[in-house]
Amino acid sequence: MGRKQPRIAEQVDTRKRPRVLVPALAQTARPIWNFALFDSVAWKKEDGSYEDDLFLEGTKYLRDNSRRTWAEIEREASMNHWISVSRLPQEAKNRLVAIKLDDVDQLFSLRLSGTRRLWGLREDSTFFVVWWDPHHRVYPVEKKS
């Protein structure tokens, strides 16, 4: 008797990311930082260079927060929170289309300090860094007076 042939898997559209709810178990996990979706073109300085403080301040933030759980990070809701893509400015929405992430419903914003933010997707305990936003331009807010 011959071996059974494996079934051919259906074609999956890898461009689409189903809306993923973060399971409760992921809340007690420590974050995993992933740069596979990092958009190195967006939000550059006017002279075309990158902000060096991503590597200085950003990596320090990621290192320090690797010791915390997602529940602890989210407790700082005024600093770290979900933002609906529908609330983002058109420039950010257009950039999501350009990098083929236009099927995402929400992004997670991590406040490093002052105006500095990291934007990304969360799938379980992994945070996929999409944008470095040193001047709070992805989702600008008016200061309260």
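Keep in mind it's a predicted model, so treat the numbers as computed, not measured.

Some points on the overall build of the protein chain
Counting its secondary structure elements, the protein chain contains four helices and five strands. Across the protein chain, helices and strands are ordered from the amino to the carboxyl terminus as α-β-α-α-β-α-β-β-β. Evaluated residue by residue, the protein chain yields a buried proportion of 34% over its 145 residues.

Digging into the environment of threonine 28
Take threonine 28: it is sitting in the loop between α1 (24-27) and β1 (32-34). For threonine 28 and threonine 69, which are 41 residues apart along the polypeptide, the C-alpha to C-alpha distance reads 5.4 Å.

Observations regarding unusual backbone geometry
Glycine aside, the phi torsion of most residues is negative, and most peptide linkages are trans. Notably, lysine 100 is not glycine yet its phi reads approximately 60°, a positive angle. Its location among the elements puts lysine 100 in the loop between α4 (90-98) and β3 (106-113). The residue aspartate 124 is not glycine, and still its phi comes out positive at about 55°. For aspartate 124, the position within the fold is in the loop between β4 (116-123) and β5 (126-133).

Here's the deal with the confidence of the model for the protein chain
Mean pLDDT over the protein chain works out to 79, with 70% of the residues at or above the 70 mark. The element-level mean pLDDT for the protein chain is lowest in α1, coming to 64, with α4 highest at 94. Here residues 5-14 is a poorly scored stretch, pLDDT under 50, and it has zero contacts once near neighbours within four places are set aside; other chains count. Here residues 16-20 is a poorly scored stretch, pLDDT under 50, and it has ten contacts once near neighbours within four places are set aside; other chains count.

Calculation criteria
- Every chain's residues receive numbers from 1 upward, in the order its sequence appears when written.
- At least 70 in pLDDT is required for a residue's local features to be given in this predicted model, at least 80 for side-chain atom pairs to be given and counted, and no such filter applies to totals for whole chains, interfaces and linings, which use all residues.
- Heavy atoms from the whole structure form the basis of all side-chain values; hydrogens and water molecules are not counted.
- Helix and strand assignments follow DSSP, with helices taken as H or I runs no shorter than four residues and strands as E runs no shorter than two, numbered in order from the N terminus.
- Classification of residues uses two cut-offs on accessible area relative to the type maximum, computed with a 1.4 Å probe and protein chains only: under 20% is buried, over 50% is exposed, and between them is partly exposed.
- Per-residue confidence from the predictor is given as pLDDT, running between 0 and 100.
- Note on contacts: a residue pair is in contact if any heavy atoms of the two residues lie within 4.5 Å.

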